[in-house]
Amino acid sequence: MSSRRSRQSGSSRISDDQISDLVTKLQHLIPELRRRRSGKVSASTVLQETCSYIRNLHREVDDLSDRLSELLASTDDNSAEAAIIRSLLN
């Protein structure tokens, strides 16, 4: 049974080339890394910047949600504006 398990885990293992390819793709997706002039960035830096970018996106979503909630609280519940805001919050 253990040989079967090792074969299964070996077949689902990600190769170094695949990891490198994924890191390169991340590097192209993260605005902070795209702005850098140097082409070579460590995988560690790419992952740190990716995590930072995702945290910032979460903060922005939370801030926008709070602002929409405040706007909804100050709007007539039956208005077209309130319906639009409710749809954005869902």
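Here the structure is shown first, and the text comes after it.
Quick caveat: nothing in here was measured; it's all calculated off a predicted structure.

A. Structural detail: the pattern of salt bridges. Counted according to the given criterion, the structure contains 2 salt bridges. The salt bridge partner of aspartate 21 is lysine 25, with a shortest N-O separation of 3.4 Å. Highlighted residues: aspartate 21 and lysine 25, both in helix α2 (residues 16–29), separated by 4 residues, approximately one helical turn. Overall, lysine 25 belongs to the partly exposed group, its relative accessible area being 47%. When the shortest N-O distance is used, the salt bridge between arginine 35 and glutamate 32 registers 3.4 Å.

B. View of a nonpolar patch on the surface. A cluster of nonpolar side chains, Tyr53, Ile54 and Leu57, forms an exposed patch at the surface whose accessible area comes to about 240 Å². Judged by its relative accessible area of 31%, tyrosine 53 is partly exposed.

C. Local environment of the packing of α2 against helix α4 (residues 43–73). Two elements in contact, α2 and α4, have axes separated by 10 Å at closest approach and are oriented at 50 degrees. Taken as axis vectors, α2 and α4 run oblique relative to one another. Crossing angle aside, the handedness with which α2 passes α4 is left-handed. Counting all contacts with α2, which are made through Val23, Leu26 and Gln27, the residues of α4 involved are Ala43, Val46, Leu47 and Thr50. The residue inventory of the contact of α2 with α4, partitioned by class, reads 5 nonpolar, 2 polar and no charged.

Rules behind the numbers
- Residues numbered from 1 in each chain as written.
- Predicted model: local features only at pLDDT ≥ 70, side-chain atom pairs only at ≥ 80, totals over all residues.
- Heavy atoms only, no water.
- Salt bridge = Lys/Arg side-chain N within 4 Å of Asp/Glu carboxyl O.
- Helix = DSSP H or I, 4+ residues; strand = E, 2+ residues; numbered from the N terminus.
- Buried < 20%, exposed > 50% of the residue type's maximum accessible area, 1.4 Å probe, protein only.
- Patch = residues over 30% accessible without salt bridge, like charges linked within 9 Å, V, L, I, M, F, W, Y side chains within 5 Å.
- Areas by Shrake-Rupley, 256 points an atom, 1.4 Å probe, with all protein chains shown as cover.
- Axes fitted to C-alpha atoms, helices over the stretch in contact; angles between N-to-C directions.
- Parallel < 35°, antiparallel > 145°, perpendicular 65-115°, else oblique.
- Left-handed = near helix turned anticlockwise from the far one by under 90°.
- Contact = heavy atoms within 4.5 Å.
- Nonpolar A, V, L, I, M, F, W, Y, C, P; charged D, E, K, R; others polar.

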